[in-house]
Amino acid sequence: QVQLVESGGGLVQAGGSLRLSCAASGSIVSINTMGWYRQAPWKQREFVTIISMSGGIRNYANSVKGRFTISRDNAKNTVYLQMDSLKPEDTAVYYCNAAGVRTTPTTKWSDYWGQGTQVTVSS
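Description of the structure in this document. (Residues numbered from 1 in each chain as written. Predicted model: local features only at pLDDT ≥ 70, side-chain atom pairs only at ≥ 80, totals over all residues. Heavy atoms only, no water.)

A separate point is unusual backbone geometry. Cis geometry is found at the peptide bond from T104 to P105, where omega equals 5°. As for its position among the elements, P105 is in the loop between β9 (92-103) and β10 (109-113). One non-glycine residue, N77, lies in the positive phi region at around 50°. Turning to its location among the elements, N77 is positioned in the loop between β7 (68-73) and β8 (78-83). Phi is positive for S85, close to 50°, though the residue is something other than glycine. Its place among the elements puts S85 in the loop between β8 and β9. (Helix = DSSP H or I, 4+ residues; strand = E, 2+ residues; numbered from the N terminus.)

This part covers the nonpolar core. One recurring pattern in soluble globular proteins: nonpolar side chains tend to sit buried together. Counting residues in hydrophobic clusters, the biggest one holds 30 residues, and the most contacted among them are M34, W36, M83 and Y94. Breaking this core down by element, the ones donating at least two residues are β1 (2-7), β3 (18-26), β4 (28-39), β5 (46-52), β7, β8, β9 and β11 (117-122). If near-sequence neighbours (up to four positions away) are discounted, M34 is found in contact with L4, C22, A24, I50, I51, M53, I70, N77, V79, C96, N97 and A98. (Core = buried A, V, L, I, M, F, W, Y, C linked by side-chain atoms within 4.5 Å. Buried < 20%, exposed > 50% of the residue type's maximum accessible area, 1.4 Å probe, protein only. Contact = heavy atoms within 4.5 Å.)

Relative to the assigned elements, D90 resides in the loop between β8 and β9. Ignoring sequence-local partners within four residues, the contact set of D90 consists of R38, R67, F68, S85, V119 and V121.

Looking now at the pairing of β7. In this structure, β7 lies alongside β8, joined through six bridges in antiparallel fashion. Residue pairing in the sheet places R72 in a bridge with V79 of β8. Linkage of β7 to β8, two consecutive antiparallel strands, is achieved through a turn of four residues, within which N77 is found at a positive phi near 50°. (Pairing = 2+ DSSP bridges.)

Right, here's the structure in full:
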């Protein structure tokens, strides 16, 4: 099985910064992309950012462009989310996603989600 574990969430004042980490573990052969989504209690889960693990191509939601940066460490099957200039509207549970994950002993590609880490931005 594959497990994604997020860390780094917490409480920060508006304008501050946080850095989230997501480490994938298990019998992983390869991962296509890893990314971050977020969900506030009254909203649907929304896309934040994604990165291809092979080429490092990044994409961001318009709401976080210029403020958030995603990066990867392929050797550790880990992605990071550097969040700067945080706003109260960034408050949400942030979920890590790994897509197109190939594991042994199968040849299937599957998607996985972490349990989430709370980010709270106070005004």
